[in-house]
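The chain contents come next:
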Amino acid sequence: MTNTIDRLNNAFYIIVFQSFVSIQIIKFNSFIQGVDQVATVKRIETIIESLNIVFSLIILVLGFGIFELVLVNFFFKCILFFYLKFFVKKWFESRKNKYSLKYNFNRVFFNSI
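This is a predicted model, so every value here is computed, not measured.

## Thoughts on the packing of aromatic side chains
Here comes step 1: Using the criterion set out here, one finds 11 aromatic pairs in the structure.
Here comes step 2: Between Phe31 and Trp91, the aromatic rings sit 5.2 Å apart at their centres with planes inclined by 80°, giving edge-to-face as the arrangement. Separated by 60 residues along the polypeptide, Phe31 in helix 1 (residues 2–34) and Trp91 in helix 3 (residues 66–94) bring together distant segments of the chain.
Here comes step 3: Ring-pair connections join several aromatic residues into one group, and the members of that group are Phe17, Phe20 and Phe74.

## Looking at the nonpolar core
Here comes step 1: The biggest cluster of nonpolar side chains holds 22 residues, and the ones touching the most others in it are Ile25, Ile32 and Leu84.
Here comes step 2: Counting only elements with at least two residues in this core, the list comes to helix 1, helix 2 (38–61) and helix 3.
Here comes step 3: A total of 13 residues in this core trace back to one element, the largest contributor, which is helix 3.
Here comes step 4: In this structure, Ile32 is in contact with Gln37, Val38, Val41, Leu84, Phe87 and Val88, ignoring residues within four places of it in sequence.

## Some points on helix 2
Counting along an α-helix, one turn takes 3.6 residues, and residues three or four places apart therefore face a common direction.
Here comes step 1: Look at helix 2: 34 Å from first C-alpha to last across 24 residues, which is about the 34 Å you get at 1.5 Å a residue.
Here comes step 2: Buried within helix 2 we find Val41, Glu45, Ile48, Asn52, Ser56 and Ile59.

## Thoughts on a nonpolar patch on the surface
Here comes step 1: Where nonpolar side chains cluster on the molecular surface, the patch consists of Ile44, Ile47, Leu51, Val54, Phe55, Ile58, Leu62 and Phe64 and spans about 710 Å² of accessible area.
Here comes step 2: Secondary-structure assignment places Ile44 in helix 2.

## Structural notes on the environment of Phe82
Here comes step 1: Take Phe82: it is sitting in helix 3.
Here comes step 2: For the pair Phe82 and Val21, spaced 61 residues apart in sequence, the C-alpha separation works out to 9.9 Å.

## A few points about the side chain of Glu45
Here comes step 1: Of note, Glu45 is situated in helix 2.
Here comes step 2: What Glu45 contacts, discounting residues up to four positions off in sequence, is Asn29 and Leu80.

## Focus on helix 3
Here comes step 1: An ideal rise of 1.5 Å per residue puts 42 Å on 29 residues; helix 3 measures up with 42 Å between its terminal C-alpha atoms.
Here comes step 2: Following helix 3 by one or two positions, Lys96 adopts a phi angle in the positive range, close to 55°.

## Here's the deal with the environment of Ile25
Here comes step 1: The residue Ile25 is located in helix 1 in this model.
Here comes step 2: The contacts of Ile25, once residues within four sequence positions are left out, are Lys77, Leu80, Phe81 and Leu84.

## Notes on the pattern of salt bridges
Here comes step 1: The final tally for this structure, using the stated rule, is 2 salt bridges.
Here comes step 2: Where Glu68 meets Arg7, a salt bridge forms, and the shortest distance between an N and an O atom there is 2.1 Å. Here the residue Glu68 occupies a position in helix 3, and Arg7 occupies one in helix 1, the gap between them amounting to 61 residues.
Here comes step 3: Residues Lys42 and Glu45 are paired through a salt bridge, measuring 3.5 Å at the closest nitrogen-oxygen approach. Here the residue Lys42 and the residue Glu45 both occupy positions in helix 2, the gap between them amounting to 3 residues, near one helical turn.
Here comes step 4: Of the residues examined, Lys42 reaches a relative accessible area of 36% and is grouped as partly exposed.

Conventions we followed
Residues numbered from 1 in each chain as written. Predicted model: local features only at pLDDT ≥ 70, side-chain atom pairs only at ≥ 80, totals over all residues. Heavy atoms only, no water. Phe/Tyr/Trp six-rings, centres within 6.5 Å; stacked < 30°, edge-to-face > 60°. Helix = DSSP H or I, 4+ residues; strand = E, 2+ residues; numbered from the N terminus. Core = buried A, V, L, I, M, F, W, Y, C linked by side-chain atoms within 4.5 Å. Buried < 20%, exposed > 50% of the residue type's maximum accessible area, 1.4 Å probe, protein only. Contact = heavy atoms within 4.5 Å. Expected span 1.5 Å × (residues − 1). Patch = residues over 30% accessible without salt bridge, like charges linked within 9 Å, V, L, I, M, F, W, Y side chains within 5 Å. Areas by Shrake-Rupley, 256 points an atom, 1.4 Å probe, with all protein chains shown as cover. Salt bridge = Lys/Arg side-chain N within 4 Å of Asp/Glu carboxyl O.

Given below as structure tokens:
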């Protein structure tokens, strides 16, 4: 009984962390839609999600529990996250743009308003 509760607690913690990864995926997807590169990314995203479905079915058919199912789903979310991050970084490098977390305030633009 305690082992089952521990596994469910661990699955819950993975789901919480997976939520953070999913938010980051949404951020990268929004950027990709903004630069009109959706078709390029959706091809690989479809392959990754299809593999997720296949492995989830295998987990269910073999009789594993919810923890393994959550773990497989988290694994494929991480693959998608790193692919999208790589794609966005490659997009910036191909256009020789620099990006950072710091925003420089443009006084000339502000004064023109």
